[in-house]
Structures are given as structure tokens and as C-alpha cells.
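Examining the three-dimensional arrangement
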Amino acid sequence: MVYPDTFQGFQIEDPKHWTDFKLNELTPKPFGDFDVDIKIQACGVCASDLHTISGGWGEQHFPLCVGHEIVGTALRVGPKVTLIKPGQRVGVGAQSYSCLNCRQCKNDNETYCRHQLDTYGAKWPETGIISQGGYSSHVRTHEHWVFPIPDGLATTKAAPMLCAGLTAYSPLVRNGAGPGKKVGIVGMGGIGHFGLMFSKALGAETYAISRSHSKEADAMKMGADGFLATADKDWNKEHIMTFDLIVCTASSTEGMDLSQYLALLDVHGKFVSVGLPEGSGQEVKAQDFLSNGCLIGASHLGSRKEVLAMLQLAVDKKVESWVEEIKISKEGLASALTRVHNNDVRYRFTLTGYEDVFGA
């Protein structure tokens, strides 16, 4: 590898063999005036990585290096970069580009930009080069999507916040989670555990909602005010029309009766979905909205402004990811992704040991 012309990374070449990682040479897009080159120190493992490399979300540009919860050191910055300095510890999440000129971008909604590009698997305009993610030695990213990591956050704990954490945080703050509000978090997985902790950090009364009681003790340790197990008889009865907001992080909606969740909402309360299950998803009936006039919607990642606020909130309120560290390697990656597939993680993996593979 001759830095910075090429990088190295672990790629999947065929979704039929999604645990067979190959260490390959990667060609990044040409270095631009606003770009930052980052030497990676750690990267979270996201369910999105699994859905992508296994083909669950459809066709992808293979071979592909995934990973979009990246923390590392800024090595080189473009001549027009003002937000990042060489030597800073920085992070990159699931998005690496937006136009910054459209109505959405100018209103702190750049994650909804029609020209947004993902950190991996996106085709860069003009060059046709496919973006590669954080299971690699380096990443090259536009400065707007590179975030200084506060000193109070450990690298391994900060990494999963850059996708899973933000995915939970943005719909909470955009929909009024705070003192005097009652919030439900559906799904106690990687995103859900952040939803619970950030909702509490924002001051809301917060309930975890899960299929069974298996994660109830963990939820209470994270600060939950209550726990609802949907396998229980009449699980929602005592809480009907009492929630202001429900954020659904579930990675599977199989057997999920949406009407029972919507019934929990107060008048014009909101049900916001952030999970992206494979398949057709829930059935939505117009009648389910009539008793409380509730609203249903979704949320996608979050803005730069929200990332910076989230990281600072984590420092101020001592929000810590529940993380298991795994050394990056062919074997380590195969094990991590297999365990994500089997829901065998509480509640997030962070890949470490980058210098052992890619050098100092």
C-alpha cells in the first residue's frame, strides 16, 4: 500500500459468501479541496453492514468494504477545509456527502439531500469510484461529514454513536423528547439501547418495549423507567394513550401488530420508525389512526449539528455505549457478522486492533 494513493480493506466479493472477507487494495476517490483523509483506529459493526453484504437489501457494488461507524486520526486535509485540523481524533458515520446548497442542506436537513452519498457502496459522480467503508486502513471524506470526537468519549464507545446513536438521537430531539414527555423505545438492540439512554439523557420518562423480558434487567441498568414485554397478555392495556412519542428501532417486524403500539400514543402522538427490516414490513390500516389521531413517520440518520450535539450530550450526561470489542481480521469480521445475524450481541461490536493489521 502506498498512502495516500491506495488504501487497504476487508471486502466481501460475493453476497453468497458474506463471511468470506478478503484483504484487498482499495482506490479512493480523487482527493478534493474539502476532503479529509483519516487513519482508522476503530469501527462499529452495524446491522446495515450485514444487510448490505448478505444481499438482504438488494444489489450492491461488489467487491465492497462496509463499516460506517468510524473513529480515527485526521492525517491530511484539503486546502479549503476549515472544520478539521490534522492530528484531531475524528469520526465518520453513514453519510459522506451532500450538496450543501439545496433547501434541505441549508436547513440542517442535509441527511435528506437528494444528492447524498453513503460512506460505503455509493458511486461517486464523474469518477464512478465506489465508496468503501471502515473495515479498512483509511477513509477519505468531505469535511462536513467528519466530526471532532470530544475528549470525554472513549474511541470504542464513540464509534457506534456515529450511526446507531445518531439514528436514535435525531428523531428524539426532532419530536420533542424531554422533561414532561413519555417516550417508548421499541427494540432493545444496538439502536434501541442508544434510544433508551439518549431519551433519558434528554429528560424524558422512558420505557423499553421488547418482545420478552430477556433484556429487562439491562434496560433498567440503562435507566429505563419501565419495561413492556409484548409477549405478556394485555401488555399495552395500562398504558393506552399515555405516550407522546414511540421510536421503533426493531430490525424485524415479523408478528408485530402495529395497532397495539399505535394505541399507546396520546392524541397526535408520533410513532417514528428507524429500523429497516428486510421484507415488506408492517401492515398499516387507516382505522388504527382514528382513536387518537396519531401520526406515523420515519427518520434517517441526522445532521452535522445533531451529531455534534449528541456527542456533547454523551459527555455531559455520561452516556456510554454497551460495547464488545473484536479485533479486526478475516476471522474476527466473520465472527462479528455471524453473531449480528444471530442477534448475539449486547449491544454493539466495535472493531479494534487496526495497527496490528494495517501498521502504525
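Please refer to the structure placed before this passage.
Residues numbered from 1 in each chain as written. Predicted model: local features only at pLDDT ≥ 70, side-chain atom pairs only at ≥ 80, totals over all residues. Heavy atoms only, no water.

Quick notes on the sheet that holds strand E15 (residues 295-298)
The condition that has to hold: If DSSP finds at least two bridges between two strands, the strands pair. Put simply, DSSP H or I for four residues or longer makes a helix, DSSP E for two residues or longer makes a strand, and each gets a number counted from the N terminus. Axis lines are fitted to C-alpha atoms, over the contacting stretch for helices. Their N-to-C directions set the angle, which ranges from 0 to 180 degrees. Contacts were defined at the residue level, with two residues in contact if any of their heavy atoms lie within 4.5 Å.
An order of E12-E11-E10-E13-E14-E15 is seen for the six strands of this open sheet, with the pairing classed as parallel. At either end of the open sheet lies a strand with only one pairing partner, and these are strand E12 (226-229) and E15. Taking the axes of each pair of neighbouring strands and ignoring which way they run, one obtains an average angle of 20° across the sheet. Relative to strand E13 (residues 243-248), strand E10 (residues 182-186) runs parallel, the two being bridged by four bridges. Residue Ile185 lies in a different strand from E13, and its bridge partner there is Val247. Seen against the sheet, helix H4 (residues 164-174) touches E10, E13 and strand E14 (265-273) and runs at an angle of roughly 160° to E13.

Examining the packing of H4 against helix H5 (residues 190-201)
Geometrically, a packed helix pair is captured by the angle between its two axes and the distance between the axes. Note the following rule: Angles are sorted into four bins: roughly parallel if under 35 degrees, roughly antiparallel if over 145, roughly perpendicular if 65 to 115, and oblique for all others. A clockwise turn of the near helix away from the far one marks a right-handed crossing, whereas an anticlockwise turn of less than a right angle marks a left-handed crossing.
Close contact between H4 and H5 brings their axes to 8 Å; oriented N to C, the two are set at 45°. The pairing of H4 with H5 is recorded here as oblique in orientation. Seen along the crossing, H4 lies across H5 with a hand that is right-handed. Note on element contacts: H5 touches H4 through Gly190, Ile191, Phe194, Gly195, Phe198 and Ser199, opposite Ala164, Gly165, Thr167, Ala168, Tyr169 and Leu172.

Digging into H5
Note on helix geometry: an α-helix contains 3.6 residues per turn, so any two residues three or four positions apart are oriented the same way. As a reminder of what qualifies: A helix is expected to span 1.5 Å multiplied by its residue count minus one. Exposure classes here rest on a 1.4 Å probe applied to the protein chains alone. A residue is buried below 20% of its type maximum, exposed above 50%, and partly exposed in between.
Between its first and last C-alpha, H5 extends 17 Å over 12 residues, near the 16 Å set by a 1.5 Å rise per residue. Along H5, 11 of the 12 residues are buried, which leaves the element largely enclosed by surrounding structure. Along H5, the positions that sit buried rather than exposed are Gly190, Ile191, Gly192, His193, Phe194, Gly195, Leu196, Met197, Phe198, Ser199 and Ala201. Phi turns positive, to about 100°, at Gly203, one or two residues after H5.

Focus: the side chain of His51
The residue His51 is located in helix H1 (residues 47-53) in this model. Overall, His51 belongs to the buried group, its relative accessible area being 11%. Among residues more than four places away in sequence, those in contact with His51 are Gly56, Trp57, Leu276 and Glu278.

Honestly, it's all geometry; don't read function into it.
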